[in-house]
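# Secondary and tertiary structure notes
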Amino acid sequence: MAYTELLELDSISTLFEKGTYFDTQSAFHAVGRPIPGMEGELIPYALKNDLLVSGILVFSFLLLCFVLNKGQSLILHQLKDFFVERKRGNMFVETESEFRYQFFLISHGAWMLGLVLFILFLQPSGTGSLYPSWISILVCLLACASLYAFKFLSYSFVNWVFFTHSQCERWMEVYALVISLQGVVLFPLACALAYFDFDTKTGLIVLLVVLGISKLLLFCKSFSIFFGKIYGLLTNILYFCTLEMIPLLFLLKVISEITPSWTIKL
């Protein structure tokens, strides 16, 4: 084929079609026999192979060991004081470092809930994800952190308006303790889901049981701290559902709506 004829071809890709100049040039063709074998298959996504999930769990384990070792006096005092109705103010003065340990435990509870929600709802298992896994994990973690921040601000404002300072202080202590213990309980659940092929339906049931127990404890404590009389039961239901249950249900609704829009069936 003449050089002028090559210039008249529509595109470079046509140069490699049959019957063109490159058919006669051995430099553009593989020499020897083709290598036998099977076509490779893509490795499906697995939580135990996700470095971000492993990093979060390892960091959580180290943080729990550190906090429970350094701040055990605060946790033990709060546990002993949980089922006791104080008639006076808190005689146990927490230090700045102990408050820091409590904050670490609350943060740990937030990202443990976010990680469990990612595993149960957003991990690309049996579906193809439209986004990388780290984006889904980050969305869940930020959503749970925003939820806890919103609830702490809401409780602080509403309690400041309607209740006394000692009641507000007592409620924040109880709330921080329950959230911290909830995160500790969710840690082994996240490990089981990530590394031991724990059934997701069973994991969802365990998550609902843990959340149900924590909300029941908070409901009972809010009634005893703020109302304490039988005629205040309806008021406590309204207070608790507005500030605690509705934000949680909103979070679960958002996560469940994101799931089908971020995945595609394979």
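From a predicted model like this one, the values you see are computed outputs, not experimental measurements. Counting restarts for each chain, with residues numbered from 1 along the sequence as it is written. For this predicted model, a pLDDT threshold of at least 70 governs which residues receive local features, and a threshold of 80 or more governs which side-chain atom pairs are given and counted, while totals over whole chains, interfaces and linings are taken from all residues. Hydrogens and water molecules were not included; the side-chain quantities draw on all heavy atoms of the structure.

### Describing a nonpolar patch on the surface
Our working definition: Patch members must show over 30% relative accessible area and no salt bridge, and they are joined within 9 Å when carrying like charges or within 5 Å when they are nonpolar side chains of Val, Leu, Ile, Met, Phe, Trp or Tyr. The Shrake-Rupley method, run with a 1.4 Å probe sphere, supplies the accessible areas, and residue values consider only the shown protein chains as cover. Just to be clear on terms, a salt bridge is a Lys or Arg side-chain nitrogen sitting within 4 Å of an Asp or Glu carboxyl oxygen. In DSSP terms, a helix is any run of H or I states spanning at least four residues, a strand is any run of E spanning at least two, and both are numbered starting from the N terminus. Three labels apply to residues, based on accessible area from a 1.4 Å probe with only protein chains included: buried if under 20% of the type maximum, exposed if over 50%, partly exposed otherwise in between.
Taken together, the side chains of Phe83, Ile205, Val209, Ile213 and Leu217 present a nonpolar region at the surface, about 510 Å² in accessible area. Among the structural elements, Leu217 can be located in helix α7 (residues 200-227). By relative accessible area, Leu217 is classed as partly exposed at 32%.

### A short note on the packing of helix α5 (residues 133-162) against helix α6 (residues 165-195)
Note the threshold: Here an axis means a line fitted to C-alpha atoms, over the contact stretch when the element is a helix, while the angle between two N-to-C directions is reported on a 0 to 180 degree scale. An angle counts as roughly parallel when it lies under 35 degrees, as roughly antiparallel when it exceeds 145, as roughly perpendicular when it falls between 65 and 115, and as oblique in every other case. The crossing is said to be left-handed when, going from far helix to near helix, the turn is anticlockwise and less than a right angle, and right-handed when the turn is clockwise. Working rule for contacts: check all heavy atoms of both residues, and any pair within 4.5 Å makes them a contact. Charged means Asp, Glu, Lys or Arg here, nonpolar means Ala, Val, Leu, Ile, Met, Phe, Trp, Tyr, Cys or Pro, and polar covers whatever is left, Gly included.
At a minimum axis separation of 10 Å, α5 and α6 run at an interaxial angle of 160°. Between α5 and α6, the angle is such that the two are roughly antiparallel. Crossing hand, α5 versus α6: right-handed. Of α6, the residues touching α5 (which contributes Tyr148, Lys151, Phe152, Tyr155, Ser156, Asn159 and Trp160) are Cys168, Trp171, Met172, Tyr175, Ile179 and Gln182. Counted by class, the contact of α5 with α6 contains 9 nonpolar, 3 polar and 1 charged residues.

### Describing the pattern of salt bridges
Evaluation of the coordinates by the stated rule reveals 3 salt bridges. A salt bridge links Lys151 to Glu244, with the nearest nitrogen and oxygen atoms 2.8 Å apart. Of this pair, Lys151 sits in helix α5 while Glu244 sits in helix α8 (residues 233-262), and the two are 93 residues apart along the sequence. Judged by its relative accessible area of 1%, Lys151 falls in the buried class.

### Examining the side chain of Ser214
The criterion, for reference: Here a polar contact means two N or O atoms within 3.5 Å. Within protein one must be a hydrogen donor candidate and the other an acceptor candidate, and residues neighboring in sequence count only if both atoms are side-chain atoms.
Within the secondary structure layout, Ser214 lies in helix α7. Side-chain polar atoms of Ser214 contact the backbone oxygen of Leu211, separated by 2.8 Å.

### Section: α6
We count it as follows: Helix span, as expected, comes to 1.5 Å for every residue beyond the first.
In this model, α6 (31 residues) spans 45 Å end to end at C-alpha, consistent with the 45 Å of a helix rising 1.5 Å per residue. Most of α6 is tucked away, with 22 of its 31 residues classed as buried. The positive-phi residue at the C-terminal boundary of α6 is Asp197, with phi of around 50°.

### Quick notes on the confidence of the model for the protein
The cut-off we apply is this: Summary of the metric used: pLDDT quantifies the predictor's per-residue confidence within the range 0 to 100.
Scored by pLDDT, the protein comes out at a mean of 76, with 71% of its residues at no less than 70. Here helix α1 (residues 3-7) stands out as the least confident element of the protein, with mean pLDDT 45; α6 is the most confident, with 89. Every residue in residues 1-13 is under pLDDT 50, and counting partners more than four places away or in other chains gives 7 contacts.

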